[in-house]
Amino acid sequence: MQERLFTGCTAATMAGGAPYGLVEDAAIVARGDAVAWVGARTDLPEDFSTLEAVDLQGALVTPALIECHSHLVFGGDRAAEFAMRLGGASYEEIARAGGGIRSTVAATREASDEDLLASALRRVDDLLADGVAVIEVKSGYGLSVEQEMRMLRVARQIEQHRPVRIMTTWLAAHALPPEYAERSDDYIEEVVIAGLRQAKAEGLVDAVDGFCENIGFTPAQVRRVFEVARELGLPVKLHAEQLSDLKGAVLASEFDALSADHLEYLAPEDAVHMAKSGTVAVLLPGAYFTLRETQLPPIDALRGAGVRMAVATDANPGSSPMSSLRLAMGMACTLFRLTPEEALAGATRNAAAALGLSGEYGSIEPGKRAELAVWDAGHPDFLSYWLGGNLLRGRIIDGEFNER
């Protein structure tokens, strides 16, 4: 098995007791697609000392970033709603007037597979330019069994065109389509649950999600979906407490959810439920910013309870039209008062946990995937501090350095 030695770098391993797990003048050994050793160059074991070194010329190396909450596959756009919001319309008012998710559903249903894939790849390229190696992609803009499954099939095709791992999430419980008006319970049974069983049978789904909200689905309806997910052996996630407190995070914790996402209206006392279940809090500052929200997630309560906090773009055409994970990290610091170290942990170690991938991704440690990001930056703080620009020098993919 081929071994590679990388030197001339500072490594933010995101492991160990030091801030960022920082190792100055580091050496990293990759054996095949896994990290074999990482540490100070002066401590390099003799077994690796004869390897020809790849000099990274002073670069910063971090684990590859992980996008743990996105809606990348969709048709059309909702730029018109941007102007409506600036005029004072709320997210809920736009949705009830027939805009919002339903307008994207119509555009998605009309788009061909080829068009959906082509538009998704443009957004994937943005994320790859930010050092991302894993992207979670949700369904939720088809709202029929076949259309939801089509979205997941398109998402899975991304791996055939780009060097990225795709994790797919069944989010049929996203909104109620017009053909099921006033029949939400029927929709849950006939589309969300029936379709989930089919998607599982076809191997199209890695996790199950829902939108638990007054303009989405009730906790009781989400519970029915989660019970089927448990029966099928699938982990769950939940859009929870974005617009109101329906105790969605408590429900998610009851099912040992991988994550509860948004959480602006999470009651501080409910953070303990997430800590007990190990449920990750996925923070989505892009939606907070776009919707001009004023209710902050209870960061201090999450910290105090020991809840792991991840950061993601929530890339979608309506409430978070952004495709830069580094920008999300910077916004999490400025808007939510995360520290830069918390933001990077949120896009690496904790994002991996939010996808059930902690054993493979999220830190530079022996045995984990040799999927690393190589940056033109002197210190990891810079990744959240500097907004925009091309900071990525390249990626180490399965132990091979690929410059941009």
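Relevant structure appears above.
No experiment lies behind these values; they were computed from the predicted model shown. (Residues numbered from 1 in each chain as written. Predicted model: local features only at pLDDT ≥ 70, side-chain atom pairs only at ≥ 80, totals over all residues. Heavy atoms only, no water.)

Asker: Just to check I follow, could you spell out the overall build of the protein for this structure?
Answerer: Looking only at helices and strands, the protein has 15 helices and 15 strands in total. Against the globule reference of 22 Å for 404 residues, the protein gives a C-alpha radius of gyration of 21 Å, in line with a compact fold. Here the protein holds 404 residues, and the buried ones make up 58% of them. The contacts in the protein between residues at least 6 apart in sequence include a share of 69% that link residues at least 24 apart. For the protein, the exposed area adds up to about 15400 Å²; of that, 50% sits on carbon and sulfur atoms. Of the side-chain charges in the protein, 36 are positive and 58 negative, and the distance between the mean point of each set is 2 Å. (Helix = DSSP H or I, 4+ residues; strand = E, 2+ residues; numbered from the N terminus. Rg over C-alpha atoms; globule rule 2.2 N^0.38 Å. Buried < 20%, exposed > 50% of the residue type's maximum accessible area, 1.4 Å probe, protein only. Contact = heavy atoms within 4.5 Å. Areas by Shrake-Rupley, 256 points an atom, 1.4 Å probe, with all protein chains shown as cover. Lys, Arg positive; Asp, Glu negative; His and termini not counted. Charge placed at Lys NZ, Arg CZ, Asp CG, Glu CD.)

Asker: What is the right way to read the environment of alanine 107 from this model?
Answerer: If you trace the backbone, alanine 107 turns up in helix α3 (residues 101-110). The exposure class of alanine 107 is partly exposed, given its relative accessible area of 22%. Distance in space between the C-alpha atoms of alanine 107 and glycine 75 is 4.8 Å, their sequence separation being 32 residues. Aside from chain neighbours lying at most four places away, what touches alanine 107 is Gly75 and Gly76.

Asker: Mind showing me how you'd approach the sheet that holds strand β13 (residues 371-375) here?
Answerer: For sheets, the rule is that strands pair by backbone hydrogen bonds, running either parallel or antiparallel. Spatially, β3-β2-β1-β4-β13-β14-β15 is the arrangement adopted by the 7 strands of the open sheet, whose pairing is mixed. Two strands lie at the open edges of the sheet, namely β3 (34-40) and β15 (400-403), each paired on one side alone. Sheet twist, expressed as the mean angle between neighbouring strand axes with direction ignored, is 40 degrees. Here β13 pairs with strand β14 (residues 392-397) via 5 bridges, running antiparallel. Looking across to β14, one finds that alanine 373 is bridged to arginine 395. (Pairing = 2+ DSSP bridges. Axes fitted to C-alpha atoms, helices over the stretch in contact; angles between N-to-C directions.)

Asker: What am I meant to see in the sheet that holds strand β10 (residues 259-262) here?
Answerer: In space, the 8 strands of this open sheet follow the order β5-β6-β7-β8-β9-β10-β11-β12, with parallel pairing throughout. The sheet is open, and its two borders are formed by β5 (65-67) and β12 (309-311), each paired with just one other strand. Averaged over all adjacent pairs, the angle separating strand axes in this sheet is 25 degrees, with direction ignored. In this structure, strand β6 (residues 132-138) lies alongside strand β7 (residues 165-173), joined through 5 bridges in parallel fashion. Along β7, the bridge assignment pairs valine 137 with threonine 168. In the packing of helix α5 (residues 145-157) onto the sheet, contacts are made with β6 and β7, and the angle to β7 comes to roughly 165 degrees. Contacting β8 (207-212) and β9 (237-240), helix α7 (residues 219-232) runs over the sheet at an angle of about 175 degrees to β8.

Asker: I keep staring at the nonpolar core and nothing clicks. Help me out?
Answerer: A general feature of soluble globular proteins is that nonpolar side chains tend to end up buried together. Within the largest apolar cluster, 102 residues are counted, with the highest numbers of intra-cluster contacts made by Ile135, Trp170, Tyr187, Met274, Leu302 and Trp375. Ignoring sequence-local partners within four residues, the contact set of tryptophan 375 consists of Ala59, Leu60, Thr62, Leu65, Asp130, Gly131, Arg326, Leu383, Leu391, Leu392 and Arg393. (Core = buried A, V, L, I, M, F, W, Y, C linked by side-chain atoms within 4.5 Å.)

Asker: So what exactly am I meant to see when it comes to the packing of helix α6 (residues 184-201) against α7 here?
Answerer: Between two packed helices, the angle of one axis relative to the other and the distance separating the axes together describe the packing. Contact pair α6 / α7: the axes reach a minimum separation of 10 Å and the direction vectors enclose 20 degrees. Classified by the angle between their axes, α6 and α7 sit roughly parallel to one another. Between α6 and α7 lies a crossing whose hand is right-handed. Here Ser184, Asp185, Ile188, Glu189, Val192, Ile193, Leu196, Arg197 and Lys200 of α6 come into contact with α7, specifically with Gln221, Arg224, Val225, Val228, Ala229, Glu231 and Leu232. A breakdown of the residues in the contact of α6 with α7 according to their chemical character gives 8 nonpolar, 2 polar and 6 charged. (Parallel < 35°, antiparallel > 145°, perpendicular 65-115°, else oblique. Left-handed = near helix turned anticlockwise from the far one by under 90°. Nonpolar A, V, L, I, M, F, W, Y, C, P; charged D, E, K, R; others polar.)

Asker: In this structure, what is going on with the environment of isoleucine 397? I would like to understand it.
Answerer: Structurally, the position occupied by isoleucine 397 is in strand β14. It is 9.9 Å that separates the C-alpha atoms of isoleucine 397 and glycine 32, two residues lying 365 residues apart in sequence. In contact with isoleucine 397, other than residues within four places in its own chain, are Pro163, Ala370, Glu371 and Asn402.

Asker: Got a minute to help me understand the layout of surface pockets in this structure?
Answerer: In this approach, a probe sized like a water molecule rolls over the atoms, and the result shows the empty space that is left. Taken as a whole, the largest pocket encloses approximately 370 Å³ of empty space. Lining the largest pocket we find 18 residues, and of these Ala95, Arg96, Arg102, Leu176 and Ile215 sit closest to its centre. Among the elements of the structure, α2 (91-96) and α3 are those that each provide at least two residues to the lining of the largest pocket. With 3 residues, the single largest contributor to the lining of the largest pocket is α2. A breakdown of the residues in the lining of the largest pocket according to their chemical character gives 8 nonpolar, 8 polar and 2 charged. (1 Å grid on protein atoms, 1.4 Å probe; cavity = no way out; pocket = protein on both sides within 12 Å on 5 of 7 lines; lining within 4 Å. Points joined across faces, edges and corners; volume = space filled by probe spheres on them.)

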